[in-house]
Each structure stands twice: as structure tokens, then as C-alpha cells.
Amino acid sequence: MKNALERNFKEGQYVYVVHYWYTNNGMQAFKTWAKIFEIDESKQVFSAFLYDDTYKVYSFKDYGRLIFDTSNEAEEAAERL
């Protein structure tokens, strides 16, 4: 995604993400905030804390698909999943 290459992620920054998991009833997706704590420019990924005690690694390429700047954008993407 072209926008992902133009987006500058920074440690300490908050972003909104679509988090999901699978259950017996199918996939559950929802929006949440994430605080970036580590960036690996060479691999184009960052690690971010969700809920203060869980972390996940995201690809820069997920910007606009799983990573968003606003809560509304993340909510709309979660509803589409």
C-alpha cells in the first residue's frame, strides 16, 4: 500500500488497530488502541502494546487495513471483517 510507505511510525505513538481472534462462532474483530514501543525499519514492522499487557507485531503494509490513525477508521474496518 502506497500510504504505508509514506507513514512515519514513532516509538511512544498511539495508533488504532483492528484486533481479532477466532472462536467456535467464527472470527471476532474489534478496534482497540496500541502504543508503539519498538520499530524495525529494516523489516518494516513495529511492535505495539495492546491493553497495557499484550503486544503484537504489525507490518507497515497493514496501514489502512489493520492500522489506522483514527478510532472511526478502525471501527469501520473491524465491522467489515
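Calculation criteria
Residues numbered from 1 in each chain as written. Predicted model: local features only at pLDDT ≥ 70, side-chain atom pairs only at ≥ 80, totals over all residues. Heavy atoms only, no water. Core = buried A, V, L, I, M, F, W, Y, C linked by side-chain atoms within 4.5 Å. Buried < 20%, exposed > 50% of the residue type's maximum accessible area, 1.4 Å probe, protein only. Helix = DSSP H or I, 4+ residues; strand = E, 2+ residues; numbered from the N terminus. Contact = heavy atoms within 4.5 Å. Polar contact = N/O pair within 3.5 Å; in protein donor to acceptor, adjacent residues only side chain to side chain. Patch = residues over 30% accessible without salt bridge, like charges linked within 9 Å, V, L, I, M, F, W, Y side chains within 5 Å. Areas by Shrake-Rupley, 256 points an atom, 1.4 Å probe, with all protein chains shown as cover. Salt bridge = Lys/Arg side-chain N within 4 Å of Asp/Glu carboxyl O. Lys, Arg positive; Asp, Glu negative; His and termini not counted. Charge placed at Lys NZ, Arg CZ, Asp CG, Glu CD.

Draft legend 1. Seen up close, the nonpolar core. Of all hydrophobic cores here, the largest spans twelve residues; its members are Phe9, Val15, Val17, Ala34, Ile36, Phe46, Ala48, Leu50, Tyr58, Phe60, Tyr63 and Ile67. Contributing elements (two or more residues each) for this core: strand S1 (14-23), strand S2 (26-40) and strand S3 (45-50). For this core, the leading source of residues is S3, giving three residues. Contacts of Ile67, omitting those with residues within four sequence positions, involve Phe9, Val15, Tyr16, Val17, Phe46, Tyr58, Ser59 and Asp62. Listed in part, the six residues of the second largest apolar core include Val18, Leu66, Phe68 and Ala74.

Draft legend 2. Up close: the side chain of Arg7. In this structure, Arg7 sits in the loop between helix H1 (2-6) and S1. For Arg7, a relative accessible area of 15% translates into the label buried. A polar contact is formed between the side chain of Arg7 and the side chain of Asp69, at a distance of 2.6 Å. Once residues within four sequence positions are removed from consideration, Arg7 is found in contact with Gln13, Val15, Tyr63 and Asp69.

Draft legend 3. The arrangement of a negative patch on the surface in detail. Taken together, the side chains of Glu73, Glu75, Glu76 and Glu79 make up a negatively charged region of the molecular surface. As for its placement among the helices and strands, Glu73 is situated in helix H2 (residues 71-80). Glu73 sits in the partly exposed class, given a relative accessible area of 35%.

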